[in-house]
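An overview of the molecular structure
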Amino acid sequence: DESSDTTEYLYYCGLGKIFPIINEICKTSSKKLNSEDVMKMTWEPSIKEPHTIAARIVDWLEKRQKLSPKVESDTIDSIEEILRNIKQHSAYDDYGFLGQAYPTSNRVRLVFCDNGIGIKAHITKRRYEDTHKMFQMHITAAQFDDMKNKPSNFAIEKASIYEVSGTDYVDNSGAGLDFILRSLSPPTNGIVCIISDDGYVCWKGGELVDSFALPFNFQGTLVAVCIDSTPDTILTYKKEFEPGEGGL
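Computed from a predicted model, the values in this text were never measured in an experiment.

1. Points about helix α8 (residues 152-159)
- Of all eight residues in α8, six are buried; the element is thus mostly enclosed.
- Residues of α8 that are buried include every one of S152, N153, F154, A155, I156 and K158, and no others.
- Of the surrounding elements, those touching the buried residues of α8 are α5 (119-123), α7 (141-149), β5 (191-204) and β6 (207-228).

This is how it looks when you write it as structure tokens:
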């Protein structure tokens, strides 16, 4: 459908660079979408400055949803950790991200993706005895064996627990995903979906709602976050507590 907003989205997000026919279709489309509502797709071989990239993404987000200084800082930190995890642990060749605002529904979606080894391979690469103390407080040896032997959705679920990390706890505590699931999602009707290898897991409002094995293998990991935006309001903590203490 040449007049649909789907073709416009593909054009605005940058896929026209790969498939030029999209550019030709969009010359005659109805322009239902505003190009400013689409963050152009980034697909690159390296992540040079995670904090700078995270700040740029949040700048785009704040055009749709104003954030208090504390929420802005925590959102930047959470996205930075997602990017840092890709950079340090996924063994990726390429990574990407994009964003989409939906003016009619006032929803905003962010997507992060890499073609690395996946969550299951990363979180189980050490022997259980060599994992850090915080990991062992949350994951038993039997659960660790299950993570290695079951489809990847089981590993995704466990990796989403705060303080569970396949590396040293000090460097990667999982605070970024924890903030998105426990603080950002509940008040914004947030939906978070993670696909990695043969696993799919989804949370709504911070609660786990779907977890199953996929009939195919997705190389790497994809994290999608979709939240409500409320124009002309500021998203803030009730008392500007730390994430998880006061809520938004």
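2. Brief notes about the packing of aromatic side chains
- One pass over the full model with this rule turns up six aromatic pairs.
- Considering the side-chain rings of Y95 and F97, the 6.2 Å spacing of their centres and the 35 degrees angle between planes classify their relative orientation as tilted.
- Judged by relative accessible area, which is 1%, Y95 ranks as buried.
- Counting every residue linked through ring pairs, the aromatic cluster contains Y92, Y95 and F97.

3. With respect to the pattern of salt bridges
- The full count for this structure, using the stated rule, is nine salt bridges.
- Across the pair D74 and K70 runs a salt bridge, and its minimum N-O distance is 3.7 Å. Of the two residues, D74 and K70 are both situated in helix α4 (residues 69-89); the distance of four residues between them amounts to about one turn of the helix.
- Salt-bridge contacts for D146 lead to K150; the nearest nitrogen and oxygen are separated by 3.9 Å.
- Look at D146 and you get partly exposed, because its relative accessible area is 29%.

4. What to know about the packing of α7 against α8
- Remark: α7 packs on α8, axes separated minimally by 7 Å, with the N-to-C direction vectors making an angle of 135 degrees. With respect to α8, the element α7 is oriented oblique. When the axes of α7 and α8 are compared, the crossing they make is left-handed. Two secondary-structure elements touch here, α7 through Q143, D146 and M147 and α8 through F154, A155 and K158.

5. Thoughts on the nonpolar core
- By size, the foremost hydrophobic cluster in this structure holds 38 residues, and its most contacted members are I57, I79, L83, Y95 and F112.
- For this core, the elements supplying multiple residues, two or more each, are α3 (50-62), α4, β3 (95-102), β4 (107-114), α9 (175-184), β5 and β6.
- What I57 contacts, discounting residues up to four positions off in sequence, is M39, I79, F97, L110 and F112.
- Listed in part, the nine residues of the second largest apolar core include F135, I139, M147 and F154.

6. Digging into the state of the cysteines
- Summed over the entire model, instances satisfying the criterion amount to zero disulfides.
- As a non-bridged cysteine, C226 has C193 as the owner of its nearest cysteine sulfur, 8.8 Å distant.

7. A few points about the pairing of β6
- Bridge count between β4 and β6: eight bridges; the pairing is antiparallel. Each bridged residue has a counterpart across the sheet, and for C113 the counterpart in β6 is L222.
- Across 13 bridges, β5 lies against β6 in antiparallel orientation. The residue bridging Y200 from the neighbouring strand is F212, located in β6.
- Linking β5 back to β6 in an antiparallel pair, the connection comprises two residues, with G205 at a positive phi of about 60 degrees.

8. Quick notes on the sheet that holds β5
- Pairing within the open sheet is antiparallel, and its five strands lie in the order β1-β3-β4-β6-β5. The open sheet has two edge strands with one neighbour each: β1 (38-44) and β5. Within this sheet the neighbouring strands show an average axis-to-axis angle of 15 degrees, counted without direction.
- Relative to the sheet, α4 contacts β3 and β4, its axis offset from that of β4 by approximately 20 degrees.

9. Let's talk about the confidence of the model for the protein
- Model confidence for the protein is summarised by a mean pLDDT of 84, while 79% of its residues fall at 70 or above.
- Element-level mean pLDDT values for the protein span from 57 in helix α2 (residues 21-26) up to 96 in α3.

10. Observations regarding the environment of D178
- Tracing the chain through its elements places D178 in helix α9.
- What makes D178 buried here is its relative accessible area of 16%.
- Sequence separation between D178 and G206 is 28 residues, and the spatial gap between their C-alpha atoms is 9.2 Å.
- Setting aside anything within four residues of it in sequence, one finds D178 in contact with Y162 and S183.

Basis of the calculations
- Residues numbered from 1 in each chain as written.
- Predicted model: local features only at pLDDT ≥ 70, side-chain atom pairs only at ≥ 80, totals over all residues.
- Heavy atoms only, no water.
- Buried < 20%, exposed > 50% of the residue type's maximum accessible area, 1.4 Å probe, protein only.
- Helix = DSSP H or I, 4+ residues; strand = E, 2+ residues; numbered from the N terminus.
- Contact = heavy atoms within 4.5 Å.
- Phe/Tyr/Trp six-rings, centres within 6.5 Å; stacked < 30°, edge-to-face > 60°.
- Salt bridge = Lys/Arg side-chain N within 4 Å of Asp/Glu carboxyl O.
- Axes fitted to C-alpha atoms, helices over the stretch in contact; angles between N-to-C directions.
- Parallel < 35°, antiparallel > 145°, perpendicular 65-115°, else oblique.
- Left-handed = near helix turned anticlockwise from the far one by under 90°.
- Core = buried A, V, L, I, M, F, W, Y, C linked by side-chain atoms within 4.5 Å.
- Disulfide = S-S within 2.5 Å.
- Pairing = 2+ DSSP bridges.
- pLDDT = per-residue confidence, 0-100.

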